[in-house]
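Here is what each chain is made of, one letter per residue.
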Amino acid sequence: MIDTQQLNELRDKLIDTRAIYNNTDFANRIGKGRSYVSEALNGRRSITEQFVLSIAKAFPEVSKDWLLTGEGSMLLTKEPKGNATMVNPSDINWISVPVIPYGAMAGSTGWYEDVFAEDWAERRTVMAPQGAKPSDFVIFTVTGDSMLPNLADGDEILSKHVSFDYYKDKRLHIYNHSIWVIATKREGILIKNITAHDVEQHTITCHSYNPMYPDFTINLEDVRDIYHAVSLSRKF
């Protein structure tokens, strides 16, 4: 079984490869509470077989043998001679999701409903958590510099839809996810960090990581849909 140091090394590697953003994202992906994961990372909770198997299920790119024994390679990679360590296809959930056109992100939202039509031309096959419904996921593209240095122009974000019925009467889990995608009725698609959700006033406060851009508040009546980021990919 991996030890605390190796668990921290894995967490750091997943952040480096942008498979996760932070400890909270790590906990969400493996279906554990933030405190549970924090205690495991700090050595205050023993690392169990059930815990490492939940990691293997959430991240197929991580070697299950390494998780269980602490030996060998952390990630599944091709060997120098061309032999590959194969991932069991049954452990991977592949879904086809729509890709929002780069040019449409900040423009009119009249095209929005068309994205979810069955014949939408721009789609991509991606890995998703087991049990994920393809209709809940969309790939959005970052535009501009308002989220620098965390997000760069052209980054693609696989995002999961949050049902309006979930947040109309109770607070969004704004501390569980650092990146949110807000489809507005007037201003196109916004990719921001949400720092506050006033349930009574039906507003959210949006924050840009670039300090040149001030925070602002949106009334949820002006919001068409909300998504939270699942994973990020960057083209170098």
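Just so it is clear, the structure is predicted and the values come from calculations on it, not from any experiment.

Here seven strands make up an open sheet; going across it, the order is E3-E4-E9-E5-E6-E7-E8 and the pairing antiparallel. At either end of the open sheet lies a strand with only one pairing partner, and these are strand E3 (137-141) and strand E8 (216-219). Sheet twist, expressed as the average angle between the axes of neighbouring strands with direction ignored, equals 45°.

Of all five residues in E3, five are buried, a share of seventy percent or more. Alternating positions in E3 separate into two faces, Phe 137, Ile 139 and Thr 141 on one and Val 138 and Phe 140 on the other, with burial throughout. Here E3 pairs with strand E4 (residues 156-162) via five bridges, running antiparallel. Across the sheet, residue Thr 141 finds its bridge partner in E4, namely Glu 156.

Another point: the nonpolar core. Residues Leu 7, Phe 26, Phe 51, Ile 55, Phe 59 and Leu 67 are the most contacted members of the largest nonpolar core, which totals 24 residues. Broken down by secondary-structure element, the contributors of at least two residues to this core are helix H1 (4-16), helix H2 (23-30), helix H3 (34-41), helix H4 (49-58) and helix H5 (64-69). Per element, the largest residue contribution to this core is five residues, and it comes from H4. Core analysis: the next-biggest nonpolar cluster, separate from the first, contains 16 residues, Tyr 21, Val 138, Phe 140 and Val 181 among them.

The set of residues buried in H2 consists of Thr 24, Asp 25, Phe 26, Ala 27 and Ile 30. You can read the cap of H2 off the contacts: a side-chain oxygen lies 3.2 Å from the backbone nitrogen of Thr 24, and it is on Asn 22. Positive phi shows up at Gly 31, right after H2, with a value of about 75°.

Here we come to the confidence of the model for the protein chain. Of all residues in the protein chain, 82% have pLDDT values of 70 or greater, and the mean over the chain is 82. Under a pLDDT of 50 for its full length, residues 78-87 has, in the predicted model, eight contacts with residues more than four places off or in other chains.

Further remarks concern the environment of Leu 67. With respect to the secondary-structure elements, Leu 67 resides in helix H5. The sequence separation of Leu 67 and Phe 51 amounts to 16 residues, and the corresponding C-alpha distance is 9.6 Å.

For the structure on display, the rule yields five salt bridges. For the salt bridge of Arg 124 with Glu 156, the shortest nitrogen-to-oxygen distance reads 2.3 Å. Separated by 32 residues along the polypeptide, Arg 124 in strand E2 (residues 123-128) and Glu 156 in strand E4 bring together distant segments of the chain. Here Asp 222 and Arg 186 are joined by a salt bridge, their closest N and O atoms 2.6 Å apart. Here Asp 222, found in the loop between E8 and strand E9 (223-233), pairs with Arg 186, found in the loop between strand E5 (180-184) and strand E6 (189-198); they are 36 residues apart in sequence, far enough to count as distant. The class for Arg 186 is exposed, based on a relative accessible area of 66%.

What counts as what
- Residues numbered from 1 in each chain as written.
- Predicted model: local features only at pLDDT ≥ 70, side-chain atom pairs only at ≥ 80, totals over all residues.
- Heavy atoms only, no water.
- Pairing = 2+ DSSP bridges.
- Helix = DSSP H or I, 4+ residues; strand = E, 2+ residues; numbered from the N terminus.
- Axes fitted to C-alpha atoms, helices over the stretch in contact; angles between N-to-C directions.
- Buried < 20%, exposed > 50% of the residue type's maximum accessible area, 1.4 Å probe, protein only.
- Core = buried A, V, L, I, M, F, W, Y, C linked by side-chain atoms within 4.5 Å.
- Polar contact = N/O pair within 3.5 Å; in protein donor to acceptor, adjacent residues only side chain to side chain.
- pLDDT = per-residue confidence, 0-100.
- Contact = heavy atoms within 4.5 Å.
- Salt bridge = Lys/Arg side-chain N within 4 Å of Asp/Glu carboxyl O.

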